Amino acid sequence: MKKAEEIFAEAKGLIERAADPAAIEELRIRYLGKKGEVTQILKGMGQLAPEERKEFGMKVNRIKADVEGLIEDKKRGFEQAGRSLRLAAEKIDVTEPGRDVPAGTKHMITITIDEISGIFMNMGYSVTEGPEVETVFHNFDALNAAPNHPSRELTDTFYITENTLLRTQTSPVQVRTLLSQAPPVKVVSPGRCFRTDTPDATHSPMFHQIEGLLVDEGVRMTDLKGTLDLFAKRMFGEGVRTKFRPHFFPFTEPSAEMDMSCFVCGGEDPSCRVCKGSGWIEILGCGMVHPNVLKVGGIDTERYTGFAFGMGVERIAMLKHGIDDIRLFYENDLRFVQQFYG
Amino acid sequence: MFVPLSWLDRYIDGGVRERDYAERFILSGSNIEQVHVTGGDEIRGVVLGKLLDVRPHPDSDHLVICAADVGAASEAGRPLQIVTGASNVKTGQYVPVVMHGGVCAGGLKIKKGKLRGEMSEGMLCSAQELGFDDKVVPLMHKDGIWILPEEFRRDELIGADVLEVLGLRGAETIEFEITPNRPDCLSVLGIAREFAAVYDRKLLYPETLERNGADAGYPAEPAAEDFIRVEIAKPELCGRYIARVATDIVIKESPWPMQRSLMLAGMRPINNIVDITNFVMLELGHPIHAFDIRQIEGGVIRVDTAADGERFVTLDGQERTLFSDTLMIKDGVKAVAAAGIMGGLNSEIREDTATILIEAASFDADCVRRTSKKLGIRSEASARYEKGVPAELSRLASDRVCALIRETGAGRVLAGAADAYPVRTTPPAIPVRTARVNAVLGTDIAEEEMKGFLRRLEMVVSGAAEAGVFEVTPPYVRLDVKEEIDVVEEVARIYGYDVLDTTIHADTILASASKSWTSRDLARAALTGYGLSEIQTYSFVAPAGAALIGAGEDPAKTDFVRLINPLGEENSVMRTTLLPGMLAVLAHNFNHSSANAEIFEIGNTFHSLGENALPREELSLCLGIYGERGDFFFVKAVIEKLFAKLGIKEPLWEAEENDPSYHPGRCARVFAPADEPILIGTVGEIHPDTAARFDIDSRIFAAELSFDKIAELADTRRAYTPLRRYPAVLRDLALLAAEETTVFQIESVVRAKGGGILESVRLFDVYRGKQVPEGKKSLAFNLTFRGRDRTLTDEEVAKAIQKILKGLEEEAGAILRDS
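Residues numbered from 1 in each chain as written. Chains lettered and ligands numbered in written order. Predicted model: local features only at pLDDT ≥ 70, side-chain atom pairs only at ≥ 80, totals over all residues. Heavy atoms only, no water.

### Considering the overall build of chain A
A tally of helices and strands in chain A yields 12 helices and nine strands. What you see for chain A is a C-alpha radius of gyration of 42 Å, clearly larger than the 20 Å of a compact globule of 342 residues, by over 25%. Counting across all 342 residues of chain A, residues that qualify as buried make up 52%. Across chain A, every contact between residues at least 6 apart in sequence was considered, and the portion connecting residues at least 24 apart equals 66%. Here chain A displays about 16,100 Å² of accessible surface, and carbon together with sulfur accounts for 52% of that area. Counting 43 positive and 50 negative side-chain charges, chain A places the averaged centre of each group 10 Å from the other. (Helix = DSSP H or I, 4+ residues; strand = E, 2+ residues; numbered from the N terminus. Rg over C-alpha atoms; globule rule 2.2 N^0.38 Å. Buried < 20%, exposed > 50% of the residue type's maximum accessible area, 1.4 Å probe, protein only. Contact = heavy atoms within 4.5 Å. Areas by Shrake-Rupley, 256 points an atom, 1.4 Å probe, with all protein chains shown as cover. Lys, Arg positive; Asp, Glu negative; His and termini not counted. Charge placed at Lys NZ, Arg CZ, Asp CG, Glu CD.)

Put into structure tokens, the structure is as follows:
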């Protein structure tokens, strides 16, 4: 019978030279299996004198553990080598195209309305809406429009009956709000509007506006300026400046139009497509709510004052994204719609 | 409103010298659309020439050869030979000559060359070639060379720069945007009043003799009253009528300065009398009409309405049928003008007119607007009357016409005026509180400063009994200033909007949005997340759309809210359904070779509640899909996911075979929630006939749901369900069922019989074909059992399965496939 040390030396050499996991398994059986050589030595220990057994047993067990260790190390080595091979074989070309993930987009009008109303909601304005088919009272009379105002004509406004029409502006929502709610009132109101314009690159018989209204004690024209200036900066960038020009709207007095410094060229480019070289872009109409409008809502005009503003959603979207034809919004060509992912 | 700078200049003491007029003027509300320059630098080498000879071209019937004396401008020191095709040239005329190398308006460069064999050393040019619009060029020169007016038929001017001579070099005309509340600014004087106020300058009124003392300078006998008297039968429609008379009229071309003013302001010179009336209209904003007095019978002007159906020929030669509310100017026998709109052919100024009656009147704005619309005539006069012409202005306008007739030698003005002024209007005295002005504006302007601003606008300011209050009387032309708030705006305009601070109102109001709004937000986020894109289509549609989706007989879809005045049939009714719009958009994309389309729209539909009520507006959600993922069960999954997202529990699906828009075997109505189901909408594959009507050669899947109901049911509150800790027992059941038996029926039985330990049931396979008898189908389900508070035993599960199988056999006719 071989001595334990001889077995270890032999096993060590064979393990080191083993070529593959199968050979290692064979060696494990040969040395450590039930009939393995190391196992056999341990079994033969019974023949030894009791006083020798302890020492011999410790020695053989140590050898057994060492052989086990050698086998495990070798096995792990084979596993690592195998994994590396597999990983190498699994290499991909990362420049191949990504698999298609369906990604839908909101409509540009929705995106713009969300952005504008979001800015005002952050300033405490609630969103409120009104009907698209309106009464003459809400759309004109209550907004202080003169009985003979040209915008009331069939040539400007779509009528359903003598007393109902497609609203020409979102301002009637002001009236509905003032009739239903006591001050303070702080709302923005987005929605569809209609005017009898034949469609072309800059006109659409249907378009969207966002109206804003603040009525409270001590609301001043300087607040109107500050609020809308802040809006312009949030919407178009901190660098834009605003300019207010007197204008006329029947439902506000004093009334103004707000121009914004050109966010594209900053007034530097005489051939700028956006501001046409003027450096300024007309952006919205606004003013202090006319006392006659507040009175419709039964509001004490001595105690409360307010401001209102309104802007065209398509116009702002077109300016902001460089869209040159308003008809694109309603053609719904997916090549257009899906440009505004996100 | 086009205002030549040279014209504006006359009314400003010291002239318009501010080169920054644009900026500050704009900031005061007179918005400048554009500044037009006539006779700009690009026009070069055009001199005044005299035609010494005009002779026929030997080789052409329509060309002539002219000898044009251009004096020192000619390098050769001799007259130029110029060939022209114009037919209005004659020897002795003075004309603009473009020299060799000269440039006309629009950049046309002139070079000498031969025309049909004859040398042409330059070009004779038209007014258009010097930069005037066709519509302002006097008719006699419109189609030919500009024959220069009398003032320039002087030999010492030969060879001079023609634009310099005519006073047109770099002539600026400012185009103002006039808001509808400011008809006073539809006049050069009105703009001048604004200018004077903004720059704090003195306004110079135009010259009239009367301003220096009544009737000064006009012969006393005979007087206008000897020729004419005025009767106003309808004082509510005509507040004032002034008639003046001028005799010894000689109709001719107006003096050049007047022609120039008119042309630069966009108006064509006609003759001296017409030009004066137009000049005064543009100068003061007050229309003027002139009649040939020979045609005024009975020595009377009567302002009265017409008889219904009465006929009248206006001076454009058209016969008009009048209405009982048409205000007319009549003489003793007949009508001679439609008041404020257009004169009659029977009394127009002719070449031989010798005595004229000059009308300066104030007509009711609404009356003129109504009549102008009914008769279909819009004139410069009616456009101004429609916006309001104050009666007080009539006197100045009348006097001004007379002054110009005298000044230009057009005739002899008689003293006196037949002035009927039945209702005198006086501008209001408006009490204004200094504190209120400052409170609205957010300013701290001193009372005296405010008063100063208002005086600059020709407002009369006086003190009042109370401290801090003063009274403001606007000039009579300012019809828009009626109450305190109007005065607030005037103060702000002159103070300067740009000078106002920027502040933010301090409040503690919090933002909110309706449930409908937030639900739409969530729905859009969910649907775009599933890969669908949003579209928006018009609210007004073609009524034929209902028939296109096969719903032409469906009252709910054809009881339209109709427009009285649509742009066209295709936009003439409010939509009752989003489906036709959806299909049209799918068709557009299909025909623009989009392989796939997965889209949705959320928008209002309109449902009539009768003539006298606003329609019911209901938000609808429409889905439309074709292409790779186009499948009934994809649309169904999208809807189920959306409902889950909005917290709407367990929608129910029911086959719908009778909706004509959809495939009869692939359509469902969806109800929710399961415990109290209401109809939400319809989902299905679009009927091939419908698809064909939209020209789409593909299967289309669509759904239309009531978004109002979805929003109402939406509940985004979420309660936590404790996780079940005990192990699940999974069992698969392969069942054989009749073809008509629905998965829903089977699932219902399984759920009912499975008891509390059945956690879920899920169909995973449907098989028809080999080994499945005809008329049957095989359905395979995964069943998951799990105890809430214990580990289930095999016996318990087996018992439940037995109960389920028994129920299936008895209630749904389905049996285990393997048995």
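What follows picks up the thread again.
### Re the overall build of chain B
For chain B, the count of helices and strands is 23 helices and 38 strands. Here the C-alpha atoms of chain B give a radius of gyration of 42 Å, more than 25% beyond the 28 Å that 2.2 N^0.38 yields for 819 residues. Summarising its shape, the C-alpha atoms of chain B cover approximately 130 × 90 × 55 Å along the three principal directions. In chain B, once contacts between residues fewer than 6 apart in sequence are set aside, the share between residues at least 24 apart is 70%. In the structure as shown, chain B presents an accessible area of about 36,000 Å², 50% of it carried by carbon and sulfur atoms.

### Some words on the confidence of the model for chain B
Residues and elements named next belong to chain B. Confidence in the prediction of chain B, expressed as mean pLDDT, is 92, and 98% of residues score 70 or more. The spread of mean pLDDT over the elements of chain B runs between helix 2 (residues 21-27), the lowest at 74, and strand 34 (residues 701-706), the highest at 98. Two summary scores accompany this predicted model of the complex, namely pTM at 0.87 and ipTM at 0.87. (pLDDT = per-residue confidence, 0-100.)

### Let's talk about the interface of chain B and chain A
Taken together, the contact pairs 83 residues of chain B with 87 residues of chain A. When the two sides are added together, the surface that chain B and chain A hide from each other amounts to roughly 6,900 Å², 56% of it contributed by carbon and sulfur. One can count five salt bridges joining chain B with chain A. The salt bridge involving lysine 373 of chain B is made with glutamate 153 of chain A; its shortest N-O contact spans 2.7 Å. (Buried area = accessible area lost by both parts, 1.4 Å probe. Salt bridge = Lys/Arg side-chain N within 4 Å of Asp/Glu carboxyl O.)

### Re the domain arrangement of chain B
With domains assigned, chain B is organised as domain 1 (2-39 + 171-199), domain 2 (44-166), domain 3 (213-420), domain 4 (430-499), domain 5 (515-713) and domain 6 (728-816). The straight-line distance from the C-alpha centre of domain 4 of chain B to that of domain 5 of chain B is 57 Å. (Domains from an automatic or database assignment.)

### Details of the sheet that holds strand 6 (residues 94-103) of chain B
Residues and elements named next belong to chain B. Across the sheet, which stays open at both edges, the five strands sit in the order 5-4-3-6-9 with antiparallel pairing between neighbours. Only two strands of the sheet have a single partner each, and these edge strands are strand 5 (80-84) and strand 9 (122-124). Pairs of neighbouring strands in the sheet enclose a mean axial angle of 45°, with direction left out of account. Pairing between strand 4 (residues 64-69) and strand 5: five bridges, direction antiparallel. Bridge assignment links valine 64 to a residue of strand 5, and that residue is threonine 84. (Pairing = 2+ DSSP bridges. Axes fitted to C-alpha atoms, helices over the stretch in contact; angles between N-to-C directions.)

### Side note on the domain arrangement of chain A
Segmentation of chain A into domains returns domain 1 (4-89) and domain 2 (108-340). The gap between the C-alpha centroids of domain 1 of chain A and domain 2 of chain A is 87 Å.

### So, unusual backbone geometry
The omega torsion across glutamate 253 of chain A and proline 254 of chain A is -10°, close enough to zero to call that bond cis. By secondary structure assignment, the location of proline 254 of chain A is in strand 7 (residues 252-261). With an omega of -15°, the peptide bond running from alanine 672 of chain B to proline 673 of chain B counts as cis. Inspection of the secondary structure puts proline 673 of chain B in the loop between strand 32 (662-672) and strand 33 (678-686).

### Here we look at helix 5 (residues 188-199) of chain B
The periodicity of an α-helix, 3.6 residues per turn, causes residues three or four places apart in sequence to face the same way. All names here are of chain B. Between its terminal C-alpha atoms helix 5 stretches 16 Å, which fits the 16 Å expected from 12 residues at 1.5 Å a residue. Burial analysis of helix 5 places 12 of its 12 residues in the buried class, which makes it a mostly covered element. For helix 5, the complete set of buried residues consists of Val188, Leu189, Gly190, Ile191, Ala192, Arg193, Glu194, Phe195, Ala196, Ala197, Val198 and Tyr199. One or two positions beyond helix 5, positive phi appears at aspartate 200, with a value near 55°. (Expected span 1.5 Å × (residues − 1).)

### What about the sheet that holds strand 38 (residues 815-816) of chain B?
Residues and elements named next belong to chain B. Taken in spatial order, the four strands of this open sheet run 36-37-35-38, and their pairing is antiparallel. Where the open sheet ends on each side, the last strands, each with one partner, are strand 36 (758-767) and strand 38. In this structure, strand 36 lies alongside strand 37 (residues 776-786), joined through eight bridges in antiparallel fashion. Bridging across to strand 37, serine 760 finds its partner in threonine 784. Docked against the sheet, helix 23 (residues 794-812) engages strand 35 (728-738), strand 37 and strand 38, running at close to 15° with respect to strand 35.

### Regarding the packing of helix 13 (residues 447-456) of chain B against helix 14 (residues 484-495) of chain B
All names here are of chain B. Helix 14 packs onto helix 13 with a crossing angle of 90° between their chain directions and a minimal axis gap of 9 Å. By the angle between their axes, helix 13 is roughly perpendicular relative to helix 14. Two secondary-structure elements touch here, helix 13 through Met450, Phe453, Leu454 and Arg456 and helix 14 through Val487, Glu490, Val491, Ile494 and Tyr495. Its residues assigned to classes, the contact of helix 13 with helix 14 shows seven nonpolar, no polar and two charged. (Parallel < 35°, antiparallel > 145°, perpendicular 65-115°, else oblique. Nonpolar A, V, L, I, M, F, W, Y, C, P; charged D, E, K, R; others polar.)

### Quick notes on the pairing of strand 4 of chain B
One ladder, built from six bridges, connects strand 3 (residues 44-56) of chain B with strand 4 of chain B; its direction is antiparallel. Each bridged residue has a counterpart across the sheet, and for valine 54 of chain B the counterpart in strand 4 of chain B is cysteine 66 of chain B.

### Thoughts on the environment of histidine 286 of chain B
All names here are of chain B. Mapped onto the secondary structure, histidine 286 falls in the loop between helix 8 (272-284) and strand 13 (289-292). The exposure class of histidine 286 is buried, given its relative accessible area of 0%. Separated by 110 residues in sequence, histidine 286 and leucine 396 place their C-alpha atoms 9.2 Å apart. With sequence-adjacent residues up to four places away left out, histidine 286 is seen in contact with Val280, Met281, Ala360, Ala361, Tyr385, Val389, Pro390, Leu393, Ser394 and Ala397. Side-chain polar atoms of histidine 286 contact the side chain of serine 394, separated by 2.9 Å. (Polar contact = N/O pair within 3.5 Å; in protein donor to acceptor, adjacent residues only side chain to side chain.)

### Thoughts on the state of the cysteines
Residue and element names in this part refer to chain A. By the definition in use, this model includes zero disulfides over all chains. Free cysteine cysteine 193: the closest other cysteine sulfur is in cysteine 286, separated by 17 Å. Cysteine 193 sits in the buried class, given a relative accessible area of 0%. (Disulfide = S-S within 2.5 Å.)

### Digging into the side chain of serine 117 of chain A
Within the secondary structure, serine 117 of chain A is located in helix 5 (residues 108-122). Ignoring sequence-local partners within four residues, the contact set of serine 117 of chain A consists of Val127, Val188 and Ile210 of chain A together with Trp517 of chain B.

### Overview of the packing of aromatic side chains
Two numbers describe a pair of aromatic rings. These are the distance of the centres and the angle of the planes. Using the criterion set out here, one finds 23 aromatic pairs over all chains in the structure. Consider the rings of phenylalanine 158 of chain A and phenylalanine 540 of chain B, whose centres lie 5.3 Å apart with planes at 75°: the pair is edge-to-face. Residue phenylalanine 158 of chain A is located in the loop between helix 6 (136-139) and strand 3 (164-166), and its partner phenylalanine 540 of chain B is located in strand 27 (residues 540-541); the two belong to separate chains. What makes phenylalanine 158 of chain A buried here is its relative accessible area of 1%. Residues phenylalanine 195 of chain B and tyrosine 199 of chain B carry aromatic rings whose centres are separated by 4.6 Å and whose planes lie at 40° to one another, so their mutual orientation is tilted. Separated by four residues within a single helix, phenylalanine 195 of chain B and tyrosine 199 of chain B lie in helix 5, roughly one turn from each other. Each member of the pair, phenylalanine 195 of chain B as well as tyrosine 199 of chain B, is classed as buried. The rings of Phe158, Phe194, Phe329, Tyr330, Phe336 and Phe340 of chain A together with Tyr538 and Phe540 of chain B are connected pair by pair, giving a single aromatic cluster. (Phe/Tyr/Trp six-rings, centres within 6.5 Å; stacked < 30°, edge-to-face > 60°.)

### Here we look at the side chain of threonine 170 of chain A
All names here are of chain A. Considering the arrangement of structural elements, one finds threonine 170 in the loop between strand 3 and helix 7 (172-180). The class of threonine 170 is buried, set by a relative accessible area of 0%. Those residues in contact with threonine 170 that sit more than four places away from it in its chain are Ser189, Pro190, Gly191, Cys193, Gln209, Ile210 and Glu211.

### Quick notes on helix 5 of chain A
Residues and elements named next belong to chain A. In this model, helix 5 (15 residues) spans 21 Å end to end at C-alpha, consistent with the 21 Å of a helix rising 1.5 Å per residue. Residues of helix 5 that are buried: Met108, Ile109, Thr110, Ile111, Thr112, Ile113, Ile116, Ser117, Ile119 and Phe120. One or two positions beyond helix 5, positive phi appears at glycine 124, with a value near 95°.

### Observations regarding the pattern of salt bridges
Once their charged atoms are close, side chains differing in charge can pair, the charge on each being opposite to the other. Enumeration over the complete set of coordinates arrives at 77 salt bridges over all chains. When the shortest N-O distance is used, the salt bridge between aspartate 73 of chain A and arginine 76 of chain A registers 3.5 Å. Here arginine 76 of chain A and aspartate 73 of chain A lie together in helix 4 (residues 50-89), a separation of three residues that amounts to about one turn. Arginine 76 of chain A gets classed as partly exposed once you look at its relative accessible area, which sits at 44%. A salt bridge links glutamate 121 of chain B to arginine 78 of chain B, with the nearest nitrogen and oxygen atoms 2.8 Å apart. Of this pair, glutamate 121 of chain B sits in the loop between strand 8 (118-120) and strand 9 while arginine 78 of chain B sits in the loop between strand 4 and strand 5, placing them 43 residues apart in sequence. When its relative accessible area of 40% is taken as the criterion, arginine 78 of chain B is described as partly exposed. Because the salt bridges share partners, they merge into one network encompassing Arg182, Asp184, Glu194, Arg478, Asp480, Glu490 and Arg493 of chain B.

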